[in-house]
Number of protein chains: 2
Amino acid sequence: MHIDLSGPRRAARLLADMPREALDSILLDLADATDAAMGELLSANAADLSRMDASNPMYDRLRLTESRLHDIAADLRHVAALPSPLGRVLKHSTLPNGLDLTRVSVPFGVIGIIFEARPNVCFDCFSLCLKAGSTCILKGGRDAEQSCRAIVALIHGVLSRHGLPADTVLLLTSHEATAELLHAHGDVDLIIPRGSSRLINFVRENARVPVIETGAGVVHTYVDRTADLDKAARIVLNAKTRRVSVCNALDCLIVHRQQLGALPQLCAPLAEKDVEIYADDAAFSALQNSGYPATLLKPATSESYGTEFLSLRMAIKTVDSLNEAIDHISRYGSGHSESIVTEDAQAAERFLRSVDAACVYHNAPTSFTDGGQFGLGAEIGISTQKLHARGPMALEEITTYKWVIRGNGQTRA
Amino acid sequence: MHIDLSGPRRAARLLADMPREALDSILLDLADATDAAMGELLSANAADLSRMDASNPMYDRLRLTESRLHDIAADLRHVAALPSPLGRVLKHSTLPNGLDLTRVSVPFGVIGIIFEARPNVCFDCFSLCLKAGSTCILKGGRDAEQSCRAIVALIHGVLSRHGLPADTVLLLTSHEATAELLHAHGDVDLIIPRGSSRLINFVRENARVPVIETGAGVVHTYVDRTADLDKAARIVLNAKTRRVSVCNALDCLIVHRQQLGALPQLCAPLAEKDVEIYADDAAFSALQNSGYPATLLKPATSESYGTEFLSLRMAIKTVDSLNEAIDHISRYGSGHSESIVTEDAQAAERFLRSVDAACVYHNAPTSFTDGGQFGLGAEIGISTQKLHARGPMALEEITTYKWVIRGNGQTRA
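Bear in mind that the values here come from a model prediction, so they are computed numbers and not experimental data.

*Asks:* Looking at this model, I keep getting lost on the state of the cysteines. Mind explaining?
*Replies:* Think of a disulfide as a covalent bridge from one cysteine sulfur atom to another cysteine sulfur atom. Counted according to the given criterion, the structure contains 0 disulfides over all chains. The structure places no disulfide on C252 of chain B, whose sulfur is separated from the nearest cysteine sulfur, that of C267 of chain B, by 11 Å.

Okay, here's the thing in structure tokens:
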């Protein structure tokens, strides 16, 4: 079955002609409409929830509540209030022949988002895409189908009152639609998968349109020979336990062999949070009989490294040098967020330069990798690739640019 | 057969630790080595040329001469003298909690280039990648195999004298190597195809690593109702005939119906260059018996639009309005370079805003789409996609960035 995906392109041309204030007023109206439509949205969500076992870890992600919808409405107002990412002059020059040359930020056009069970993605992605002048195609998971339909119907109502077609946001729900979306060269400018690494791998293998990979984070913190142990303990605790289900949560503590004696002190706060540790031989010996609960201490296996735990579990790797730490990260990291704790400024600079990741930290936890924390405003995801956007992607990162050349009949010799 | 593509990644880590001046001195030494090795390079090239029919249009692209090699050496010195694209601070802020946040330009790592018969691509791409701190994997066409081998051997000699491994530039020549390169997720960060649209389509269909599409240009110039005819004639002549084999050469002249009377005047300079015209009915009538050589005037067919001619041929399309011109470009353009000739400032701004292309021109020919002309220095290609780089791609466009966060033990609440 062929699905016509050309509508959002036509709608994008209408958006390109709208003043930016008009886009903001759509978001403000949608915020009000969301507050007013709580009943319908919650009952559609209840229908989805009724089809899922409450013990499923996705259940909480699928769930909407009055308070979450209020937060969503507040987020919409926040996005409306952010500066527009469009029309920024990125470069400007007048060439010797008088040609006026401007590189200016413009909308992508059509952005496809593929996600799983979180219905709030419909609001997030629609609002950020619209603010950035792009239409969007949302492919949600079956689990969230009723919720997504209700949200998109609400958005369509608001769009229609502003004279915009329903194709400004197109919702796809069938499994076949994913394949069509991934092959929609010409109709879609960019696809952003939001979800598990399984989803991201599937998209990478099958997409024929440009993709920005987001989210998968195998995250390390390296406690160097000269680390301040108080800082290190705080940083490790924060990176591991602040929120365990986020992509920038710590997965593997790398420790310099000369710090093994301090490992019990470093890990003590983790025990209070019931963090299960998978330690290599040296770290296991250092922690055994040190007070770390025996039930939470396991030997590392080959699966312990390169794993994104998304839970209260953490690996430990012992190294003999900074170089070995960098090699370990190069082999097992996913290019998301990596941190060094050290009082040695040279070691810090070498780590920051040599580690190939979106965000590299010195004496700070990877917990900060977040568009809001970085002062970028709302974010659509965290890119783990190097093309176009790296790390937190906010409004500027979902625009492209064009070169505008104004002349007066000049020709090239 | 599996080809090991992991070497360039290791070499890229060595490059990341080298001072920028060291990279420049490699390029200067390579320029000298090129001047000194003319004999070997020309004799390898002669072997390739002997296997190709001299009437093949690729023959000239394959051909190296003493003068071309001197130009190449000069280009290498020019690239060495350009400012480094690395280490640019793209954003900097100190967060309220004291964290120091910098977004800084860094090398991609490993860049793959797939090209056809032009052996000079080895010099161009190696020099730009090296200057941008990246290693490269070059997949050349079979036609240029001996030439590419000789050039890369020359580069390897220079690299070795600077203590860098041969994997800093890896040459692949077998057809199977292309498939391996396109699937080398993890070993390769970016692939740039340079060549025909057949090559670019193949890469898009088969790549599992990020790609920047370059080159294919179906280019229009729209002569509006209020165009100044002198400007229009000069602009069309320059865009069509300055160099016919380049991607920014004019393919289709769009003319407002009210300008049909002026079409003979507009086209007269093209006749002197023997430009063959494929005109729609209205334009055909306007040109017939107007002095335009009958042998050079043909009726347009469905193939006349959306074709990149790369030769002394051009289509003409008549429209009733600016909107119709924009629609035609939206349907047939490739997002490369598009121009409007008009004295109506409002029409110009609407065209510049609504036409979705890398470079949009007012009263200037598309001939200017070129990194050198735009003041960007040497260019590696002209991107026709919207992700990462659009239009001329020079040194800055083949870098990525990372976020560097320096703290003092701060944690996130």
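After that view of the structure, there is still more to cover.
*Asks:* Honestly, the confidence of the model for chain A in this entry has me stumped. Any pointers?
*Replies:* As a general rule, the predicted coordinates of low-pLDDT regions are not to be interpreted in detail. Per-residue confidence for chain A gives a mean pLDDT of 94; residues scoring 70 or more make up 100%. As a predicted assembly, this complex carries a pTM of 0.92 together with an ipTM value of 0.93.

*Asks:* Help me out: how do you make sense of the relation of the copies chain B and chain A in this one?
*Replies:* Superposition of the two copies of the chain requires a rotation about an axis together with a shift along that axis. For the pair chain B and chain A, the superposition axis carries a translation of 0.0 Å, the fit reaches an RMSD of 0.0 Å, and the rotation angle comes to 180°. On this basis, the relationship between the two copies can be described by a two-fold rotation axis. The C-alpha atom lying nearest the rotation axis in chain B is that of H388 of chain B; the distance is 1.8 Å. Comparing interface residues between copies, 100% of those in chain B also lie at the interface in chain A; the contact surface is shared.

*Asks:* Any chance you could explain the packing of aromatic side chains here in plain terms?
*Replies:* In this description, an aromatic ring pair is defined by two values, namely the gap between the centres and the angle between the planes. All names here are of chain A. Scanning the entire structure with this criterion turns up 8 aromatic pairs over all chains. Ring geometry for Y278 against F309: centres 6.0 Å apart, planes inclined by 10°, an arrangement best described as stacked. Taken together, the residues Y278 in strand β9 (residues 276–279) and F309 in the loop between β10 (297–299) and β11 (313–319) connect sequence positions 31 residues apart. With relative accessibility at 16%, the residue Y278 sits in the buried group. Using a relative accessible area of 12% as the deciding quantity, one classes F309 as buried.

*Asks:* For this particular structure, what's the right way to read the nonpolar core?
*Replies:* Soluble globular proteins: nonpolar side chains tend toward being buried together. Counting residues in each nonpolar core, the largest one holds 142 residues, and the members touching the most others are F126 and L138 of chain A together with F126 and L138 of chain B. Those residues in contact with L138 of chain A that lie beyond four places of it in its chain are I113, F115, C122, C125, V152, V169, L170, L171 and L172 of chain A.

*Asks:* Explain the sheet that holds β11 of chain A to me, please; I cannot follow it from the model alone.
*Replies:* The strands making up a sheet associate through hydrogen bonds between their backbones, and the pairing can be parallel or antiparallel. What the 10 strands build is an open sheet, ordered β10(A)-β9(A)-β11(A)-β8(A)-β7(A)-β12(A)-β13(A)-β16(B)-β2(B)-β1(B); its pairing is mixed. A strand with exactly one partner marks an edge of an open sheet, and here the two such strands are β10 of chain A together with β1 (89–94) of chain B. The mean angle between the axes of side-by-side strands here comes to 20°, regardless of whether they run parallel or antiparallel. Bridge count for β9 of chain A against β10 of chain A is 3 bridges, and the pairing is parallel. Residue pairing for β10 of chain A: A279 of chain A is matched across the bridge by P299 of chain A. The sheet strands contacting helix α10 (residues 229–241) of chain A are β7 (220–223), β8 (252–256), β11 and β12 (337–341) of chain A, and the helix crosses β7 of chain A at an angle near 170°. Sitting on the sheet, helix α11 (residues 263–272) of chain A is in contact with β7, β8, β9 and β11 of chain A, with an inclination near 160° to β8 of chain A.

Conventions adopted
- Residues take numbers from 1 onward in each chain, read along the sequence in its written order.
- To label them, take the chains in the order written and letter them from A, then take the ligands in the order written and number them from 1.
- Given that this is a predicted model, residues contribute local features only at a pLDDT of at least 70 and side-chain atom pairs are listed and counted only at 80 or more, while totals for whole chains, interfaces and linings are drawn from all residues.
- Calculated side-chain values reflect all of the structure's heavy atoms, with hydrogen atoms and water omitted.
- Put simply, a disulfide is two cysteine sulfurs that come within 2.5 Å.
- Each residue gets a pLDDT score, which is the predictor's confidence in that residue and runs from 0 to 100.
- A least-squares superposition brings the copies together, and it is based on the C-alpha atoms of residues with pLDDT no lower than 70 in both.
- Contacts are assigned to residue pairs with any non-hydrogen atoms lying within 4.5 Å of each other.
- Classification of ring pairs rests on two measures: the distance between centres of Phe, Tyr or Trp rings, Trp counted by its six-membered ring, which must be within 6.5 Å, and the angle between planes, read as stacked under 30 degrees, edge-to-face over 60 and tilted in between.
- Secondary structure counts use DSSP, requiring at least four H or I residues in a row for a helix and at least two E residues in a row for a strand, with both numbered from the N terminus.
- Residue burial is assigned from relative accessible area. The probe radius is 1.4 Å, only protein chains are included, and a residue is buried under 20% of its type maximum, exposed over 50%, and partly exposed in between.
- Only buried residues count toward a nonpolar core. Its members are Ala, Val, Leu, Ile, Met, Phe, Trp, Tyr and Cys residues joined through side-chain atoms within 4.5 Å.
- Here, any two strands with at least 2 DSSP bridges between them count as paired.
- Axes here refer to lines fitted to C-alpha atoms; in helices the fit is confined to the stretch in contact. Angles between the N-to-C directions go from 0 to 180 degrees.

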